[in-house]
Amino acid sequence: MLILGIESSCDETAASVVKDCRTILSSVVSTQIEEHRKYGGVVPEIASRRHCENILGVVRQALDEAGVSLSDLDGIAVTYAPGLIGALLVGVSFAKALAMSCGKPLIPVHHIAGHIATNYLTHPTLEPPYLCLVASGGHSHIIEVLSYTKFRVVGRTRDDAAGECFDKCARAMGFPYPGGVHIDKASQSGDPSAIKLPRPSVAGNEFDFSFSGLKTSVINMLHNAQQKGTEVNTNDLAASLQSTIAGVLTEHTINAAKALGYRKVALAGGVSANTGVRAALSEACEKEGFEFFMPEKSLCGDNGAMIACQGSYNLLAGITADESLNAVATLSMEEI
Ligand code: KG4
Ligand code: ZN
């Protein structure tokens, strides 16, 4: 089975061909980061225009590098939710027209399900059910992966996502967008116990997250230091922030696994590239005797292979879209 996957939900135009669900034949990612950097974040209008310019070239390159033509494909998978609506619409409209022109099934893919699928591409033996922590720029979810296509969200962020907290704190610390990776690098030379930061918790659901208080306390600390003319050690602050975020994500995930009886735990999303998060969750799982899975680093950020992989499982489960498929900016995984 050969599936073309198309991703355009944020600032990466990506396409990939995946064979038999788990083998990547090609993966092309055209990132717009440089252009959005000067605004300190993604400008939706610019993102849509760049997707429109790049998508045909990216898809053509993905097909060429895989050595397949449109007629060889078994389906065309596309991210239809969640994300920036204008950005999603470019991918969805393109995929619809392509599917119509070559008479192939159109397969709708939820972006978060795509992130989870990066673990299938990395670990050939991984099969549901298991529990997955998905931490990205827009989401921090603890998800029961009941089957390849059925999900239940048991914990979610009440405000900022983990990646958003990394990025906003990084911006206040003077790092360019997206700052998560710069916090990661700076933290290698910092002391995680040097600065005490609040450990966020929320009332109501012990598996939910809240990162806005942590973000505010980092920003306030930097402003206060600036007003007093004192210095905050950037490396120590980065290390403290990273260890606090990694600690909270890990603690809630392990508690959820124990409460729900999962002994298989996975990690996914852009923040799964973070050294501290990878180490903390992997060590905690080892201590509990849980099997632990995480995507290879090159698959952590947005890419087309994750959409092609999840699209393959959707097709096998009979999940296809008709010509009325639309993009959706916000959509719970339980509604798919
Ligand atoms: O999944 P993703 O590529 O896009 C969304 O679906 O949101 O995630 C992007 C997020 C950004 O917030 C980025 O700063 C964060 O992932 N990120 C990291 C690292 N690499 C990417 N955060 C912390 N440490 C990293 N190494
Ligand atoms: Zn993503």
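What counts and how
Residues numbered from 1 in each chain as written. Chains lettered and ligands numbered in written order. Predicted model: local features only at pLDDT ≥ 70, side-chain atom pairs only at ≥ 80, totals over all residues. Heavy atoms only, no water. Domains from an automatic or database assignment. Contact = heavy atoms within 4.5 Å. Buried area = accessible area lost by both parts, 1.4 Å probe. Salt bridge = Lys/Arg side-chain N within 4 Å of Asp/Glu carboxyl O. Polar contact = N/O pair within 3.5 Å; in protein donor to acceptor, adjacent residues only side chain to side chain. Helix = DSSP H or I, 4+ residues; strand = E, 2+ residues; numbered from the N terminus. Nonpolar A, V, L, I, M, F, W, Y, C, P; charged D, E, K, R; others polar. Pairing = 2+ DSSP bridges. Axes fitted to C-alpha atoms, helices over the stretch in contact; angles between N-to-C directions. Donors = N, O, S within 2.8 Å, 3.2 Å for Na, K, Ca; no water. Buried < 20%, exposed > 50% of the residue type's maximum accessible area, 1.4 Å probe, protein only. Near = heavy atom within 4 Å. Areas by Shrake-Rupley, 256 points an atom, 1.4 Å probe, with all protein chains shown as cover.

J.: Any details on the domain arrangement of the protein? Residues and values, ideally.
T.: Here the domain parsing of the protein yields domain 1 (2-116 + 299-335) and domain 2 (128-297). Domain 1 and domain 2 are separated by 26 Å when their C-alpha centres are compared. The partner domain 2 presents 25 residues to the 23 residues of domain 1 that form the contact. Interface area for domain 1 against domain 2, summed over the two sides, is near 1900 Å², with a carbon-plus-sulfur share of 67%. Interface area lost by domain 1 to domain 2 is led by I116, C300 and E334, which between them contribute 31%. Across the domain 1-domain 2 interface, the total number found is zero salt bridges. Here domain 1 is connected to domain 2 by eight residue pairs in polar contact (both at pLDDT 80 or more). Secondary-structure elements contributing two or more residues to the side of domain 1 that touches domain 2 are α1 (33-37), α4 (111-122) and α10 (304-316). Per element, the largest residue contribution to the side of domain 1 that touches domain 2 is four residues, and it comes from α4. Taken together, the residues of the side of domain 1 that touches domain 2 sort by class into 13 nonpolar, six polar and four charged.

J.: Account for the sheet that holds strand β1 (residues 2-7), naming residues and giving values.
T.: The strands making up a sheet associate through backbone hydrogen bonding, with each pair oriented either parallel or antiparallel. Sheet architecture is open: five strands sit in the order β3-β2-β1-β4-β5, paired in mixed fashion. In this open sheet, the two edge strands, each paired with only one partner strand, are β3 (23-31) and β5 (106-110). Here the average twist between neighbouring strands, direction ignored, is 20°. Of the pairings in the sheet, the one linking β1 to strand β2 (residues 12-19) comprises six bridges and is antiparallel in character. Across the sheet, residue I3 finds its bridge partner in β2, namely V18.

J.: Tell me what's going on with the coordination of the zinc ion (ligand 2), and back it up with residues and numbers.
T.: Each protein donor to the zinc ion (ligand 2) is listed here as H111 (NE2), H115 (NE2) and D302 (OD); together their distances run 2.0 to 2.1 Å. Donor residues for the zinc ion (ligand 2), ordered by position in the chain, follow H-x3-H-x186-D. Taken together, the residues H111 and H115, both in helix α4 and four residues apart, mark about one turn of the helix. Each member of the pair, H111 together with H115, is buried.

J.: An account of the site of ligand 1 is needed here, citing residue identities and associated values.
T.: Surveying the vicinity of ligand 1 reveals 18 residues, the closest of which are H115, G137, D167, D184 and N274. The separation between an oxygen atom of ligand 1 and a polar main-chain atom of G163 is 3.3 Å. Note that a nitrogen atom of ligand 1 is positioned 3.3 Å from one of the backbone N or O atoms of G180. Coverage of ligand 1 by the protein chains reaches 85% of its 550 Å² of free accessible surface. Of all the secondary-structure elements, those providing two or more residues to the shell around ligand 1 are α4, α5 (162-172) and α6 (180-187). The class makeup of the residues in the shell around ligand 1 is five nonpolar, ten polar and three charged. Split by domain, the residues of the shell around ligand 1 number at least three in each of domain 1 (2-116 + 299-335) and domain 2 (128-297).

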